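Close look at the chain arrangement
Next come the chains, spelled out residue by residue.
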Amino acid sequence: MTFLRLPVLFACLAFPAFAATSSSTSNQVPEDQISTMKTQPSSTAQELYAAAQNDLLQIRVLLKNGHSQSGVGSGFLIGTSNLVITNFHVISKMALEPETYFGEFKDTQGKSGEIELLAVDVLHDLAVVRINRQGTGFFKLTETPAPLNQGEHLYSLGNPLDLGFFISEGTYNGLSHRGFSEQVMFTGPVNPGMSGGPNVKADGQVAGVNVAHRRDGELVSFLVPATYAQKLFARITPESKPPADFKPIIGEQLLVYQSVMMDTLLAKPLTHKNLGPYSVPVRESEQVRCWGSSDTKGEKTYNTDQINCRMESAIYVSDDLQTGNISIHHKFTQTDKLNSLRFALLMGKFFSNRVDSNTKDEDVTTSRCTEEFIGNNNFSSRAVVCVEAYQKFSGLYNFLLFTTSTDEPLMNLQSRLVINGTSYENGQKFISQFLTGLTKETKITAEPNNTKEAK
Amino acid sequence: MSLFYFVEVLNHSGELQARHKFSELPIRVGRSYTNDIILDDPHTAAEHAIIELNANGKLRLRDLGSQNGLKLKGKSHSQTELDADTIVQLGRTLIRVRDSQYLVSAEVSDSSHKHWQTWLMFGCAIVMICALSLSTSWLGDIANNKVSDYIMDMTKWLMSAAAWAGIWALANRVFSGTANFGRHLFIFSCGIVALDLLDHLYAFLGFAFSWEWFTYYQSHLQIVLVAITIYFHLRLINNKRAMLKVICASLAALSSGLIFMGNYQSTNQYADNLYMSEVLPPAARISRNHSLAEFDQAIQQLKTDIDAEREKALKEKAEKNNTNKP
């Protein structure tokens, strides 16, 4: 998933199953069909743009020193107020480093002016800024928006790639529940720079706010549902003053988010999968997807089976800090060609260089680790837990747990659990559940064959 | 028996460069060709100094009004009494005067540096390096390597060993005449075998007894071993043992200090590793396993550490910001 703010382009998450299909389908679209699509815009879009253009803005974040722009997105005036909705990720630098960055808007006539950041909603990637002029009343946010039907036409507006103001047409395709906050799926082009721009029905009723698109797909775009924008907007009164420091507010929101996330993840006991004699915990849900892979090449002296579970969403805080996600990885290795010493040394190599700790990191502290040989019924392993604390937000931590089994001479299970942006208590709780879930079948050790070393 | 006087010109390492024999005093020293000893040193005067007997009948060196004078252990003197071990600096030339009554030290026995010993050491070194190379390749062999792979590996090891010993042998040849290649090779192979054994030893201690801190500071033990190896190389070249010990020890201390500094810079900790990554077969486990509850307790304790770390980082940042402001 890619956020739509220039000039930073995020690397998309590796997603092999989708990547393979996307290239083949895009090649099948005939050239002439594309050109007809381009040359005949619907008259609705034409009328809509004419009516909306006065309330459509480009939001720019500039360096105080030198006035060069460091990020560009879009925004729109709500009703007849002087308040503008945009994405948090467009103005995140203003919120986190107000001493270095400031923002300004530019409208479709080319006029520009200062913006004042009033409120942020990090979880839904929304922000409200105030400008020095009123809207014409075209973009409407209502408390109870009319439900959308799949296939309904929607229009996204914004300033993609800093080229100029665009309107693009597409269809509504339901809600995505892959993150812990739902997003509208929109089949239409939404490009970097359109972030924070409105997505509306033909009558100006706001359906959502442009936020992201899938790089490995075609025209698969995501919107923040209008209801969250409405809720944030409703909190602001004409007397609202911008807070002096956004960091505690963001930290508070991240803490609320992590408790929702961890409660959901820990609500049910973890599911178990078998890898050799081991039973390993995974969390498979709408938000966390698991993929398996196996490597059994003939010329190798060992083979591996892996299970990889990951959340596809993360909370954007800044370019260097995306948080609020977990991943689980299990790697089972066995050999019938190596002896136990050589196999163990190979496993030691797999187990090394797992922690990347750096004092130069502005966002998190260096890691602190604790390690132990642990035994849980008949499963014994070596476990390492490393923790990093967030420097800007108090009470938030990154946890990294990795283990290697130490009970079988010719089999090994290495597991890794990464929890980013959680409270200490929740991280500890998840780790404890995860470790409890790592078990081994009893009957395997009873067989004499497996305890002998292969030559 | 008549008395002879020997004036010896030395180089800066104290080694003899020239010896002049005189049967009578005084002896005149300087750059001009009227002297008894003619110096080729531009920092000496034409008539620099004279060696004569003083009122007590002792040998004396007297300055003849030169610009750079006479220096004894760095201090200037206009004249100085000479005994058999006094080394005087004239300009940049060092001289020592002895007479024929000087008693030389006892004969040194020629038990060391025997021919067969050198060949034995050379042979041992080759065997050790081959054994080390074979064991290392075998332990790291995860792709069913063929015999030729092992031989190629061994060749690489032998060539590196020869290159290392060759450099020392060259230095040995330059500074003390003989190359001593076999001995240098032996010293190197002992050093490298010790390093490898140490590597396995702390992996074993760490894994078997859960003594992780062995692996945290492994680089310092390695430095000590390297320093010892280099000490033996240097000792073979030069016999000034006390000084070599000081040099090697201080170099080792310096390297250790640099490693501590580097580790602290990258992780805010002095240890080389944040955790122990060595894994050995289950049979090598000796200490007991801890329960999940105990581990949970350890994670709980880690919170104090990480919170302190955050406090420290924030404090450092605040200080930095303050100093940046004019």
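Our structure is the block above this text.
Structural notes, computed from the coordinates. (Residues numbered from 1 in each chain as written. Chains lettered and ligands numbered in written order. Predicted model: local features only at pLDDT ≥ 70, side-chain atom pairs only at ≥ 80, totals over all residues. Heavy atoms only, no water.)

All names here are of chain B. Read across the open sheet, the six strands follow the order E2-E1-E11-E10-E7-E8; overall the sheet is antiparallel. The two strands at the open ends of the sheet, each matched to only one other strand, are strand E2 (16-22) and strand E8 (75-77). Shown here is a sheet whose adjacent strand axes are inclined to one another by a mean of 35 degrees, direction ignored. In this structure, strand E10 (residues 88-90) lies alongside strand E11 (residues 93-99), joined through three bridges in antiparallel fashion. Bridge pairing in E11 links Gln89 to Leu94. (Pairing = 2+ DSSP bridges. Helix = DSSP H or I, 4+ residues; strand = E, 2+ residues; numbered from the N terminus. Axes fitted to C-alpha atoms, helices over the stretch in contact; angles between N-to-C directions.)

Here we take up a negative patch on the surface. Residues and elements named next belong to chain A. On the surface, Glu97, Glu99, Asp245, Asp320, Asp356, Asp361 and Glu362 cluster together to form a negatively charged patch. Examined against the element boundaries, Asp320 turns out to sit in the loop between strand E19 (315-318) and strand E20 (321-323). Under the relative-accessibility criterion, Asp320 is labelled exposed at 67%. (Patch = residues over 30% accessible without salt bridge, like charges linked within 9 Å, V, L, I, M, F, W, Y side chains within 5 Å. Areas by Shrake-Rupley, 256 points an atom, 1.4 Å probe, with all protein chains shown as cover. Salt bridge = Lys/Arg side-chain N within 4 Å of Asp/Glu carboxyl O. Lys, Arg positive; Asp, Glu negative; His and termini not counted. Charge placed at Lys NZ, Arg CZ, Asp CG, Glu CD. Buried < 20%, exposed > 50% of the residue type's maximum accessible area, 1.4 Å probe, protein only.)

Now for the side chain of Ser210 of chain B. Position of Ser210 of chain B relative to the elements: it lies in the loop between helix H3 (181-209) and helix H4 (213-216). Residue classification places Ser210 of chain B among the buried residues on the basis of a relative accessible area of 15%. A distance of 2.7 Å separates a polar atom in the side chain of Ser210 of chain B from a polar atom in the side chain of Glu212 of chain B. Ignoring sequence-local partners within four residues, the contact set of Ser210 of chain B consists of Glu372, Phe373 and Arg382 of chain A together with Leu205, Arg285 and Ser287 of chain B. (Polar contact = N/O pair within 3.5 Å; in protein donor to acceptor, adjacent residues only side chain to side chain. Contact = heavy atoms within 4.5 Å.)

Another aspect to go through is the state of the cysteines. Each disulfide is one covalent bond, formed between the sulfur atoms of two cysteines. The full count for this structure, using the stated rule, is two disulfides over all chains. Residue pairing for Cys290 of chain A: its cysteine sulfur links by disulfide to Cys309 of chain A, the two sulfurs lying 1.9 Å apart. Because the torsion about its S-S bond is 105 degrees, the bridge between Cys290 of chain A and Cys309 of chain A counts as right-handed. In this pair, Cys290 of chain A sits in strand E17 (residues 288-295) while Cys309 of chain A sits in strand E18 (residues 302-311), placing the two residues 19 residues apart along the sequence. The pair formed by Cys290 of chain A and Cys309 of chain A is uniform in burial state, with each residue classed as buried. Two residues, Cys369 of chain A and Cys386 of chain A, share a disulfide whose sulfurs are 2.0 Å apart. On the sign convention where negative is left-handed, the bridge of Cys369 of chain A and Cys386 of chain A, at about 105 degrees about the S-S bond, is right-handed. Here Cys386 of chain A lies in strand E23 (residues 379-389) and Cys369 of chain A lies in strand E22 (residues 368-376), a separation of 17 residues in the sequence. For the pair Cys369 of chain A and Cys386 of chain A, one class covers both residues: buried. In chain A, the cysteines engaged in disulfides, taken in order along the sequence, are linked 1-2, 3-4. Here Cys124 of chain B stays free of any disulfide, with the sulfur of Cys190 of chain B as its closest cysteine sulfur at 8.2 Å. Given a relative accessible area of 34%, Cys124 of chain B falls into the partly exposed group. (Disulfide = S-S within 2.5 Å.)

Our next topic: the pairing of E23 of chain A. Residues and elements named next belong to chain A. The element E23 is largely enclosed, with a buried count of 11 among its 11 residues. Pairing analysis gives nine bridges linking E22 to E23, with the strands arranged antiparallel. Across the sheet, the residue bridging to Glu371 is Val384, located in E23. Remark: two residues form the turn of the hairpin made by E22 and E23, two consecutive strands paired antiparallel; Asn377 in that turn has positive phi of roughly 55 degrees. Examined bridge by bridge, E23 and strand E24 (residues 397-405) share nine bridges and lie antiparallel to one another. Within E24, the position partnered with Glu388 by the bridge is Asn398.

That is the geometry; function is a separate question.
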